[in-house]
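# Residue-level structure breakdown
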Amino acid sequence: MPIEVYYNQRFTFYNARCTLPDVLRIVATQRENQETTMPGHTPPDDSALRVAVIIGSARGGRTGLPVTEWFTNHVGHRTDIELDVVDIADLDLPVSMPGWDGLPAPAPGTRAALADVSPRLAAAEAFVVVTPEYNHSFPASLKNLIDWHYTQWQAKPIGFVSYGGLGGGLRAVEQLRQVFAELHAMTVRDTVSLHGPWSGLGDDGGPLDAAVCESAAKNMVDQLLWWGRALRTARAEHPYGK
C-alpha cells in the first residue's frame, strides 16, 4: 500500500508516495552514503590477504611437505589470498639466541637466515601453520622459529593444518594456541586435522577422505580471511601497541 513519506533536511529526497520497500531502500541508501562520507571513514580493504604457510617440521622423511603441497594446491586457486610458503627446513636458526641487549650478536649465517625469513613474516597478514604432533606436542624447530620473532606475529590471525595419529595433531595445535596467545596473535577456531598419516593419507600426502578435509580447509581459510581483513583494518587505523 502506498504511504506518504516526508523527508526532513537530512535527506536529499523530495516528498513522494512510496511503498514500504521503497522507503527501506531509500533509507538504507542514505545511511550508506552518510557512513562512507563521514570524516575519517576508511573504506574496507578487500585486496588479497597475504598468508604465510609455515611448514613446522624439519625432520627427515617428514609428511609436512606433501601435506603442505596438498593444502596449497587446494586453496591456491582462491583470489582472496596470496600464499608464501616458509619451510623451516630451509632455515639455519640456532637454538641459542641473543639476550635483550642483543648480545652475543648472531653469527653471519643466522643474520642471513633472519634477513630472509623475518621480512616475510612481517609482510604476512595471516599465517597457516602446518604442524605434526611429536610426543604430544609440536616440533622444537617450530618453537625455535616462533621464539626468534615477536612483533611479526602480533595482531594477526593464525590457522592450523595438523597431522598425527588418532588425535590428528590436535594436541600440538592446542599447545600452539597458548604460545601464540602470549605473542598477541589470534588463532581461528576451525582447523584442518589429518588423522593417521599411515592410513588416512595417500602416497602423495593428500587425504584419502578428500571431501571432508577440503571442506575443513575452506572453513578454516574463510575464518582466517575474515579475521585477517578485520585486523588489517584495525592495524591501519590503530597501530598495535602504540
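Described below are features of the structure shown in this document. (Residues numbered from 1 in each chain as written. Predicted model: local features only at pLDDT ≥ 70, side-chain atom pairs only at ≥ 80, totals over all residues. Heavy atoms only, no water.)

### Describing the overall build of the protein chain
Along the backbone of the protein chain there are 7 helices and 8 strands. When contacts within the protein chain are restricted to residue pairs at least 6 apart in sequence, those whose partners lie at least 24 apart make up 76%. Surface accessibility of the protein chain: about 13,700 Å² in total, with carbon and sulfur atoms responsible for 56%. (Helix = DSSP H or I, 4+ residues; strand = E, 2+ residues; numbered from the N terminus. Contact = heavy atoms within 4.5 Å. Areas by Shrake-Rupley, 256 points an atom, 1.4 Å probe, with all protein chains shown as cover.)

### Examining unusual backbone geometry
Cis peptide bonds are those with omega within 30 degrees of zero, and the linkage from leucine 103 to proline 104 qualifies with -5°. Among the secondary structure elements, proline 104 is positioned in the loop between strand E4 (81–87) and helix H3 (108–123). Even without a glycine there, the phi angle at histidine 184 is positive, about 65°. Summarising the element assignment, histidine 184 is placed in the loop between helix H5 (170–182) and strand E7 (186–187). Assessed through its relative accessible area of 34%, histidine 184 is described here as partly exposed. (Buried < 20%, exposed > 50% of the residue type's maximum accessible area, 1.4 Å probe, protein only.)

### A word on H3
Relative to the 22 Å expected for 16 residues at 1.5 Å per residue, H3 spans 23 Å between its end C-alpha atoms, a close match to the ideal helical length. Of all the bends in H3, the greatest, near 30°, is centred on alanine 115, and the proline proline 119 appears no more than four residues after it. Residues of H3 that are buried: Thr110, Ala113, Leu114, Val117, Ser118 and Leu121. Buried residues along H3 sit against strand E3 (49–55), E4, strand E5 (126–132) and helix H4 (140–147). (Expected span 1.5 Å × (residues − 1). Bend = angle between axes of the 7 residues up to and from the residue.)

### A few points about the side chain of lysine 156
Along the chain, the position of lysine 156 falls in the loop between H4 and strand E6 (157–164). Salt bridges are absent for the buried lysine 156, whose nearest opposite-charge side chain, glutamate 125, sits at 8.3 Å. Looking at lysine 156, its side chain comes within polar contact range of the main-chain oxygen of alanine 124, at 2.7 Å. Engagement of the side chain of lysine 156 in a polar contact is seen with the backbone oxygen of glutamine 152, the distance being 3.0 Å. (Lys, Arg positive; Asp, Glu negative; His and termini not counted. Salt bridge = Lys/Arg side-chain N within 4 Å of Asp/Glu carboxyl O. Polar contact = N/O pair within 3.5 Å; in protein donor to acceptor, adjacent residues only side chain to side chain.)

### Concerning the nonpolar core
Side chains that are nonpolar tend, in soluble globular proteins, to be buried together. Ranked by internal contacts, the top residues of the largest apolar core, which has 28 residues, are Ile54 and Phe180. Put simply, the parts of the chain that give this core at least two residues each are E3, H3, E5, H4, E6 and H5. The element best represented in this core is H5, accounting for 5 residues. The residues touching isoleucine 54, leaving out its near neighbours within four places in the chain, are Val86, Ile88, Leu121, Phe127, Val128, Val129, Val130, Leu142, Leu145 and Trp153. Ala126, Val130, Leu194 and Leu224 belong to the second-largest nonpolar core, a separate cluster that totals 24 residues. (Core = buried A, V, L, I, M, F, W, Y, C linked by side-chain atoms within 4.5 Å.)

### As for the pattern of salt bridges
Under the criterion given, the structure shown has 12 salt bridges. For glutamate 125, the salt bridge goes to arginine 50, with nearest N and O atoms at 3.6 Å. Of this pair, glutamate 125 sits in the loop between H3 and E5 while arginine 50 sits in strand E3, placing them 75 residues apart in sequence. Among the residues examined, glutamate 125 registers a relative accessible area of 6% and is labelled buried. Across the salt bridge formed by arginine 171 and glutamate 133, the nearest N and O atoms sit 2.7 Å from each other. Taken as a pair, arginine 171 in helix H5 and glutamate 133 in the loop between E5 and H4 lie far apart in primary sequence, 38 residues in all. Overall, the relative accessible area of 41% leaves arginine 171 in the partly exposed class.

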